[in-house]
Each structure stands twice: as C-alpha cells, then as structure tokens.
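Remarks on the overall topology
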Amino acid sequence: MAEKYNWAILGCGKIAKKFSTDLKLLPNANLYAASSRSLKNAKDFANEFGYEKAYGSYHEMVNDPDVDIVYIATPHSFHLEHTLLCLDHKKAVLCEKAFAINSKEVKQMIKASKENNTFLMEAFWTIFQPQFLKISEIVKSKELGELKFVKSDFMFNADFDPNKRLYNIDLGAGSLLDIGIYPIFTSLYFLGKPNEIKTIANIRSTGVEDSIAMLFNYDNGAIAVLTSSFESSCKNETELCFEKGFIKVDRNSVDPILMNKNGNDQLLDFDAILGRGYELEASHVMECLDNNLIESPILPNSFSLDLMEILDAVRKEANIIFPNHD
Ligand SMILES: NC(=O)c1ccc[n+]([C@@H]2O[C@H](COP(=O)([O-])OP(=O)(O)OC[C@H]3O[C@@H](n4cnc5c(N)ncnc54)[C@H](OP(=O)(O)O)[C@@H]3O)[C@@H](O)[C@H]2O)c1
C-alpha cells in the first residue's frame, strides 16, 4: 500500500476550499492541519473539511513535525516568503500559481528546494488534466502537421475592489498573473519561449492591469495570440491551428474536444475525473515523494521558471510594475 501523507493548508481562502474538497478523494492523503493568520478561521476551515488540527499562525504549523506536505494558497505576493518558510522546515511544498511575482523570486524558491533537499512544485493543475493530456497527444502525434497558431483567452468580469486580491497591487493583482498565465502556459508548453513579445494592456490609475492582449512570435514562424481580462467575459477557448486542421477546447467545460482534420470535424472524448481536477496534482506530489523526488518530472521547476520569465518579459513590455517586488 502507498504511504499516507499528512497534508497542511497554508492560507484558508477560496482556492484552499476547492483544493481540500478534492484532496478528500485521495486515500493516501490525510487532511491533517489547517493554518491561517486567524485561529478562528483555521478552526472553521478544519471543521468544514475534516482537518485534524488547526493553527492560528503559519509558523506554528511548519513547526509541527507530523506535517509532510504543505499546500500554499496565499496571494502570489507571499508565495516566496511562505515557500521558503516551509522548505526551511523540510516540508514538501505544492505552491499555487502564479508561482511568485517574478523570476528572481522563483530562482530563490528553487535554490531553497535544492539546499533543503525538499520537494517543490507549482500547483499548475492544467498540466494534469485529461483534456490537456488529450490535446498534447494530438500535438505530439503531428497528425495535423505543424502547430502554427495558438489562440487562447481567459476572461471573467470581476467587480473593481482595490482591497481584494484581484485588484490589490500589494497582493500581485492584475489579470496577467491570475488568469493570463493560463494562455501563456499553453503557448509555452506547445511552442516554447517566444523570441518576440508585443502587448496592449489597460492599466488603472491604481497601477493594476485589468486587461491585456499579447502577441508572441517564434523562431519557427509560429505565432500566439493570447488575452486575459477582469473586465469582460468570453468563451475562454483555446484554439490550436495546424497545417492540416485545428483543435478547439473550452477550458471550463467537460464537452468533447473539437478536432478538424482536412476540413472534417470530429469530437474527441477525454477521461472523466472524480473531482474538479486538483486531486490529480495532489496525487502526483505524493507519487513524487513515494519516489524520493524533490522535483516533478511532469512539471519541473525549470518549466515554472520559464513561465515566469515570459511573464516578466510581458510585464516589461506592458509596463506592469509591482512596486514592492520589482
Ligand atoms: N489553481 C487554481 O485554479 C486557482 C484558482 C484560484 C486562485 N488560485 C491561486 O491561489 C492563490 C490564492 O487565491 P484565492 O483566490 O484563494 O485568494 P483568497 O481567497 O483571497 O485567499 C488567500 C488567503 O491567503 C491568506 N493571506 C495571507 N496573507 C494575506 C494577505 N495579506 N491578504 C489576503 N490574504 C492573505 C488568507 O488566509 P488566512 O487568512 O487563512 O491566513 C487568505 O484567505 C493565488 O495565488 C491564486 O492565483 C489558483
């Protein structure tokens, strides 16, 4: 039987709730501790999801010798600090995306993982999703020829509130790091790092970017057209265009993938999953620990660094600044 691991939550917010619901589905995951800046919040969270312990500070939690893996679910601007806190206490880390605010911070996190010989992975759940695996299969098979265009959008309408994470510059706000990261992830995964980046961004008087359009150019002649926004809604589709056809997916849907080959449409199913999909990344972390790995072979930290280097380059082009980090 696989080893059982004690999981702890660092930051009991919205995504931590969704993650905990999925974590419960895994027989080798023990929901062990919830930690929050407030003991009441930690207790409420622990009661709601069945965590055994509740801590009113993150420091207390990392000092518990029985914690094996920490899921970091705080705003991006704290990911560096909280990752270092956990790694320095030899706790394996699954840290939410965006991995940090910039590549300088990601490099510090990777260094700490190596120095402490302790596992670190970005919680970039998309890479483990059956929908994404199916698309990857098609791209790799080259049955549609070479990939020439990646068109990918992620938008939703979020009411402006400078105190909330999405619009609070001190918490790493803006659509780019929150949701623009997904279209960029897709282009990086399938086309690599671009050689040229152009952007148009809307930046509010508070300094927060709320909408951005990006154009990436690649050495092999491929192009990516990517958008993200908190100002409007769209279908949130990704379309990959090849020499002999295209694939179209809706990232938020379980509908089959549309593939068009030589002018003919077909619908491709992909495997169903039990939860929202967060259980897949959590399960992978435990598989890595079963194999004494400090890095995932599927989502290596070098990939997360590449992703952040593109985000840095986009921000430079669009003049998006995080005052306490740049
Ligand atoms: N993978 C995904 O699908 C997905 C989806 C949504 C968000 N995310 C990522 O998850 C992270 C958290 O997002 P969220 O939507 O869950 O945020 P959230 O609801 O605002 O929660 C963040 C939590 O972080 C803690 N925190 C610590 N210092 C804080 C501070 N100064 N201000 C506010 N909160 C602070 C708080 O927990 P305590 O009060 O309990 O300490 C808070 O509840 C972000 O990096 C985001 O990009 C990922």
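Here the structure is a predicted model, which is why all the values come from computation and not from measurement.

**Thoughts on the overall build of the protein chain**
- Secondary structure summary: the protein chain contains nine helices and 14 strands in total.
- A compact globule built from 326 residues should have a C-alpha radius of gyration of about 20 Å, and the protein chain, at 20 Å, falls within 12% of that.
- Its C-alpha atoms give the protein chain principal-axis dimensions of about 60 × 50 × 35 Å.
- Each of the 326 residues in the protein chain was classed as buried or not, and the buried ones make up 55%.
- Within the protein chain, counting contacts between residues at least 6 apart in sequence, those at least 24 apart form 68% of the total.
- Accessible surface computed for the protein chain: about 14600 Å², of which carbon and sulfur atoms make up 50%.

**A short note on the pairing of strand β1 (residues 5–10)**
- With six of six residues buried, β1 is to be regarded as a mostly interior element.
- As defined by bridge partners, β1 adjoins strand β2 (residues 29–35) across six bridges and the pair is classed as parallel. Directly across from Trp7, in β2, lies its bridge partner Leu31.
- A crossover connection joins β1 to the parallel β2 through helix α1 (residues 14–23); in handedness this β-α-β unit is right-handed.
- Pairing analysis gives four bridges linking β1 to strand β4 (residues 69–72), with the strands arranged parallel. Looking at the pairing, Leu10 lines up with Ile72 of β4.

**Some points on the environment of Asp326**
- With respect to the secondary-structure elements, Asp326 resides in the segment after α9 (301–318).
- Taking the C-alpha atoms as reference points, Asp326 and Asp312, 14 residues apart in sequence, are found 9.8 Å from one another.
- Those residues in contact with Asp326, other than ones at most four positions away along the chain, are Asn102, Arg315, Ile320 and Ile321.

Reading the values: rules and limits
Residues numbered from 1 in each chain as written. Predicted model: local features only at pLDDT ≥ 70, side-chain atom pairs only at ≥ 80, totals over all residues. Heavy atoms only, no water. Helix = DSSP H or I, 4+ residues; strand = E, 2+ residues; numbered from the N terminus. Rg over C-alpha atoms; globule rule 2.2 N^0.38 Å. Buried < 20%, exposed > 50% of the residue type's maximum accessible area, 1.4 Å probe, protein only. Contact = heavy atoms within 4.5 Å. Areas by Shrake-Rupley, 256 points an atom, 1.4 Å probe, with all protein chains shown as cover. Pairing = 2+ DSSP bridges. Right-handed = clockwise from strand over helix to strand, strands pointing away.

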